[in-house]
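Commentary on secondary and tertiary structure
What follows is the residue order along each chain.
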Amino acid sequence: MEVNVVTVVVVGALCAVTALLSNLGVAVFNDGVRPFVPEFLEKRMPRAEYAVAVFGICIGFIASVGIGNALATNLLNPWLLFLATDIIGAFCPKRWLAALVGAVWGILCLAGIGGINTALTFLPIDLLGALGQLGTYIVTGFAFFPVIAIIMQFGWQRGIITAVVAILARVFGPMLTFGPTQASISADAWTLLVGVVLLVAFAIAKDLKDKDRSGSEEFEGNLFSERVGRIRKNVPFLMIGGALIAVVCNLHIFAGSTVSMFTLADAYHGVGDAASLIQTSAINEFFRGVSFIPLIAVTAITTGVYAVAGFTFVYVAGYLSPNPIVAAILGALIIFVEVMLLGLIGKWLGRFPSLRDAADNIRSAMSTCVEFAVLFGSLNAVIAMGTQIGNPTLAFAIAAAIYFVNEATGRKIMKMAIGPVFALGTGIILNLLYVVGLVAIAA
């Protein structure tokens, strides 16, 4: 992750803006924080109580997912930056102070993560090289989330049918070629495409069959027009945030989620075909964004508080844009369109209950698939470190000890983050053992 004048200015400005948005109650990153904001703005919750609530909701994610994944990938991420600016905005009594502290936080993260990773390159047992294994199975694992979502919503029979069809598509799909260049679609893309198509088909079929099941009308009429109007009034501030997020993505120093960060880390660090890996990351991020539309739209409409990254499509724009200027324009435009369509999206969700219900299952399925893939990738990294000293079982034992302690103590570190954390921990412990002479690098 390159630290220069441009990246310092952009990250500082981004965190200043997101902290200000939080302070004004215009937008936050954590979906769990959003319902508290109107309580504070409408004087039903004092600032001290509000700030403590925001801190409690966010701090665990920062310490685990945010810091752990930043060190593992050498990329900034939303949990590290935006959860902290949610807290900063809640605590700071003045707007200028929130913006200033937010900017300082962003610059410290940029310099700190880059500095730590630079220091890790000098370790005798190659920690950073081994951590490149973390993303090995992310794309493949993520591609199977529709199977899990279908089982959760429509039963195991349809889930098994989907799994079989998806695997067949994975085997035979890449054999098909398209266009004058005879391009083919990757196996993972076929798996994901087939699964998503079947998931949507099952949901629509259920709504058509269950005609008596009426969709929710809670977003019809003017019931929440005041909340939507408040978001639209603040759209210029939201557009600035969206533009800056797209720019940091385009500068190759930021990844939007776990479905893209490990693949992007490979692309930016020269592991594999960079263009192909970035496109894969964008596709995965797009599907993830689609699944979050219902949650973000519903909470935004009912609270009048938007998400700092909107529906997260600004990440996709940032990854794929040819330069930061185009990324900024697209990021701002995407946020504008999202906000203008917010009321319409709410009405549409009220008329298709099965698709709305599917969103919750999709998010849970995505988490399950990514957790599984990251865990195996982390184990690969641990074994790679152990191989360097000719003792992979020792490395596995250290990682297992960290994992089991976390499980036995009530998962102080989130399941999504425990893999990268035990991989980092194992690497550091092995290097300490090397320094004191208890292990040696294998010939």
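Residues numbered from 1 in each chain as written. Predicted model: local features only at pLDDT ≥ 70, side-chain atom pairs only at ≥ 80, totals over all residues. Heavy atoms only, no water.

When its secondary structure is counted, the protein chain shows 20 helices and 2 strands. Its C-alpha radius of gyration of 22 Å places the protein chain within 12% of the 22 Å reference for a compact globule of 443 residues. Taken over the C-alpha atoms alone, the protein chain extends approximately 75 × 55 × 50 Å along its principal axes. In the protein chain, which comprises 443 residues, the share counted as buried stands at 51%. Residue pairs at least 24 apart in sequence account for 78% of intrachain contacts in the protein chain once pairs closer than 6 positions are excluded. Carbon and sulfur atoms provide 70% of the accessible area of the protein chain, an area that totals close to 19,100 Å². Computing the positive centroid from 24 side-chain charges and the negative centroid from 23, the protein chain places the two 6 Å apart. (Helix = DSSP H or I, 4+ residues; strand = E, 2+ residues; numbered from the N terminus. Rg over C-alpha atoms; globule rule 2.2 N^0.38 Å. Buried < 20%, exposed > 50% of the residue type's maximum accessible area, 1.4 Å probe, protein only. Contact = heavy atoms within 4.5 Å. Areas by Shrake-Rupley, 256 points an atom, 1.4 Å probe, with all protein chains shown as cover. Lys, Arg positive; Asp, Glu negative; His and termini not counted. Charge placed at Lys NZ, Arg CZ, Asp CG, Glu CD.)

Moving on to the confidence of the model for the protein chain. When pLDDT is averaged along the protein chain, the result is 87; 95% of the residues meet or exceed 70. Considering only residues more than four positions removed or in separate chains, one finds that residues 214-221, a stretch of pLDDT under 50, has 17 contacts. (pLDDT = per-residue confidence, 0-100.)

Here we take up helix α1 (residues 5-24). Compared with the 28 Å implied by 1.5 Å per residue over 20 residues, the 28 Å span of α1 between its first and last C-alpha is a close match. With 14 of 20 residues buried, α1 is to be regarded as a mostly interior element. G25, located one to two residues past α1, shows a positive phi value of around 75°. (Expected span 1.5 Å × (residues − 1).)

Within this model, the largest pocket holds a volume of roughly 640 Å³. Along its surface, the largest pocket is lined by 31 residues, and F29, D31, W79, R288 and F292 are the ones closest to its centre. Contributions of two or more residues to the lining of the largest pocket are made by α3 (47-73), α4 (78-91), α13 (258-268), α14 (274-303) and α18 (353-388). Considered class by class, the residues forming the lining of the largest pocket number 17 nonpolar, 9 polar and 5 charged. Around the second largest pocket, the lining is made up of 18 residues, and of these V200, V290, S291, L355 and I362 lie nearest the centre. At the level of elements, α10 (187-209), α14, α17 (342-351) and α18 are the ones that each hand at least two residues to the lining of the second largest pocket. Its residues assigned to classes, the lining of the second largest pocket comprises 16 nonpolar, 1 polar and 1 charged. (1 Å grid on protein atoms, 1.4 Å probe; cavity = no way out; pocket = protein on both sides within 12 Å on 5 of 7 lines; lining within 4 Å. Points joined across faces, edges and corners; volume = space filled by probe spheres on them. Nonpolar A, V, L, I, M, F, W, Y, C, P; charged D, E, K, R; others polar.)

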